[in-house]
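Commentary on secondary and tertiary structure
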Amino acid sequence: MTTKLLQFVNQKKEMPKKRSGSIRLKDFNEIYNDFNKAESNKQAGRCSQCGIPFCQVHCPLHNNIPDWLKLTAENRLQEAYEISQSTNNFPEICGSICPQDRLCEGNCVIEKGFESVTIGRVEKHITDTAWKEGWVKPLKPVKEINKSIGIIGSGPAGLAAAEQLRKKGYKVEIYDRYDRPGGLLIYGIPNFKLEKYAVERRTKILSKSGIVFHNKFEIGETISFETIKNKHDAILIATGVYKARELDVPELNISNIIPALDFLIASNKKGLGDMVPEFENGKLNAKGKNVVVIGGGDTAMDCVRTAVRQNAKSVICLYRRNKENMPGSMREVFHAEEEGIKFSWLSVPIKFKSDKNNINIDVANVRLDKVDSSGRQIPKILFNKTYSLKTDLIIKALGFNPENLPRLFNYPKLRVTNWGTIKVDHDTMMTKEPGIFAAGDIVRGASLVVWAIKDGRDAAESIHKFLKNNVRK
Ligand code: FAD
Ligand code: SF4
Ligand code: SF4
């Protein structure tokens, strides 16, 4: 069955069916069902095959979107998959979790008047089909190259680089401090956005392709950076950013004020079947509690939505700006609202008081002032307009900064920017130290999976050029 193209006038934009707010709160599964073949064909057929496809321009990987949409509409899914996977290592993952409203779909030309093509979910359907049909296979490099690359960090940047390098025939070893590979794909992003089997099947096939994973292997702890550096012909640092930003208010050592990532990691580990003592003893568990999440980005949305699924008694998101000025994806805010989360906009905590198991928060209102260099209005705290909130658990979701890697790695030759990210030559992703490259959030600051994949691919290309032309001492 093939579908005609240019159907955007006759055919409405549709997403796959979404489970209702109340039903989906009963589990941690993906909130969307998958497209079936007919639905995917129909949606792909809405594309107008633009001469200058702005969707592609605004996809960080410059995916060849019009071509794979056309092939999907013509029911040529295997060819669509070949094209899709040639520019993206994990198309089904991006199809699920890219903020498409800010990237490809937000720039689709038919968006004006007809609503965009449903690009992300078609991308996911193509690669999910490829997995079902057995088209996704372990890599078989044409020739083996007797040079090895050590990658520190198995998040999307490290994994994408590993796959690209292994394809060329290099020996690749990935070191990660966690017990499972995947970085934030496995332990940060909740299951209801990205089901973990999708990450695990990827890391399994990379392992079958000959990539060696060393889990529970922390560089700077388990082994020194110097040792790893001397073992390999090139190194890629892809360690992400994990230092939680702190509140401006003294926390007075109150134990039920916790960082977002501790909460999310515990929940993800639990979902993966692990025994998590701090979840079992209630410290990192929202069950039966009045929960306040402080922050307004995607991490805050993941926390409120996790807390409500853990059967919290109530969940409030406290954010210092208003909805229009939120930094995260509007789609995620919409999902949180559908799931019954309450938002206190224009609110900041100014004081905590601990009383047995409860915390009293003094909250001040905020007025938004003129726009700053980031294009968002500056919040001004109104100390004379306050109210108070009683809560059992506060989750801090204010964003992340990089750790001091030169110190952790005991390697001062690594240079950092004013923001603490690793300094690289952006044309080559190489640091000032020959043969040492860096990619992903540790270079960009907290960003997106799709950008981490792009950086990993770019770094792999540069490492290849470097190793062709140089022998590192
Ligand atoms: P990471 O994924 O952070 O991986 C880094 C890895 O390095 C980790 O596994 C870590 O254990 C390892 N590591 C660190 N230090 C060492 C060391 N010394 N030795 C060994 N290993 C080490 N992006 C989206 O596009 N969509 C989303 O919906 C989305 N949701 C998010 C939700 C949350 C809660 C968070 C925190 C982020 C989210 N992001 C999302 C952002 C996205 O996850 C990151 O931008 C992306 O994972 C960065 O990839 P990376 O490979 O650079 O680092
Ligand atoms: Fe859109 Fe992300 Fe897919 Fe690019 S990778 S086409 S931005 S969903
Ligand atoms: Fe198709 Fe929209 Fe891309 Fe144009 S911008 S090629 S209509 S998906």
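Since the model is a prediction, treat every value here as computed from it, not as a measurement.

**Thoughts on the site of ligand 3**
Lining the immediate surroundings of ligand 3 are Cys 47, Ser 48, Cys 50, Pro 53, Cys 55, Pro 66, Leu 69, Cys 108, Val 109, Val 117 and Ile 119. Of the residues contributing to the shell around ligand 3, the split by class is 10 nonpolar, one polar and no charged.

**Here's the deal with the packing of helix H8 (residues 119-133) against helix H11 (residues 196-208)**
Remark: H8 packs on H11, axes separated minimally by 13 Å, with the N-to-C direction vectors making an angle of 55°. The orientation of H8 relative to H11 falls into the category oblique. The interaxial crossing formed by H8 with H11 has left-handed handedness. Between H8 and H11, the contacting residues are Thr 127, Asp 128 and Trp 131 on the first element and Arg 201, Arg 202 and Ile 205 on the second. When grouped by side-chain class, the residues that make up the contact of H8 with H11 number two nonpolar, one polar and three charged.

**Re helix H16 (residues 330-338)**
When we look at burial in H16, the residues that qualify are Arg 331, Glu 332, Val 333, His 335 and Ala 336. For H16, the secondary structure elements touched by its buried residues are helix H1 (21-24), helix H6 (91-97), helix H15 (298-309) and strand S9 (342-344). Trailing H16 by a residue or two, Gly 340 shows a phi angle of about 90°, which is positive.

**Some thoughts on the domain arrangement of the chain**
Each assigned domain of the chain is listed with its residue range as follows: domain 1 (21-133), domain 2 (148-241 + 402-469) and domain 3 (244-399). For domain 1 versus domain 3, the separation of C-alpha centres amounts to 32 Å. At the junction of the two partners, domain 1 supplies 13 residues and domain 3 supplies 15 residues. For the pair domain 1 and domain 3, the summed buried surface comes to about 1100 Å²; carbon and sulfur atoms form 46% of the total. On the domain 1 side of the interface with domain 3, the three residues burying the most area are Arg 24, Leu 25 and Phe 28, jointly 49% of the side's total. Counting every contact that joins domain 1 to domain 3 gives three salt bridges. In this structure, the salt-bridge partner of Glu 339 is Arg 24, at a minimum N-O distance of 2.6 Å.

**Looking at the sheet that holds strand S13 (residues 393-396)**
Strand order across the open sheet formed by five strands is S6-S13-S7-S8-S9, with parallel pairing between neighbours. Pairing within the sheet leaves two strands with one partner each, and these edge strands are strand S6 (257-259) and S9. Going from strand to strand, the sheet's axes swing by 25° on average, the running direction of each strand aside. Both S6 and S13 contribute to a ladder of three bridges, which runs parallel. By the bridge assignment, Ile 258 is partnered in S13 with Ile 395.

**Some points on the sheet that holds strand S3 (residues 212-214)**
By way of backbone hydrogen bonds, the strands of a sheet pair with one another, either parallel or antiparallel. Ordered by their spatial adjacency, five strands build an open sheet running S3-S2-S1-S4-S15, and the pairing between neighbours is parallel. Strands at the two margins of the open sheet, each flanked by one partner only, are S3 and strand S15 (436-438). Across the sheet, the mean angle from the axis of one strand to that of its neighbour is 20°, orientation sign disregarded. When strand S1 (residues 148-152) meets strand S4 (residues 234-237), the two strands line up parallel, connected through four bridges. By the bridge assignment for S4, Ile 152 is matched with Ile 237.

Basis of the calculations
Residues numbered from 1 in each chain as written. Chains lettered and ligands numbered in written order. Predicted model: local features only at pLDDT ≥ 70, side-chain atom pairs only at ≥ 80, totals over all residues. Heavy atoms only, no water. Near = heavy atom within 4 Å. Nonpolar A, V, L, I, M, F, W, Y, C, P; charged D, E, K, R; others polar. Axes fitted to C-alpha atoms, helices over the stretch in contact; angles between N-to-C directions. Helix = DSSP H or I, 4+ residues; strand = E, 2+ residues; numbered from the N terminus. Parallel < 35°, antiparallel > 145°, perpendicular 65-115°, else oblique. Left-handed = near helix turned anticlockwise from the far one by under 90°. Contact = heavy atoms within 4.5 Å. Buried < 20%, exposed > 50% of the residue type's maximum accessible area, 1.4 Å probe, protein only. Domains from an automatic or database assignment. Buried area = accessible area lost by both parts, 1.4 Å probe. Salt bridge = Lys/Arg side-chain N within 4 Å of Asp/Glu carboxyl O. Pairing = 2+ DSSP bridges.

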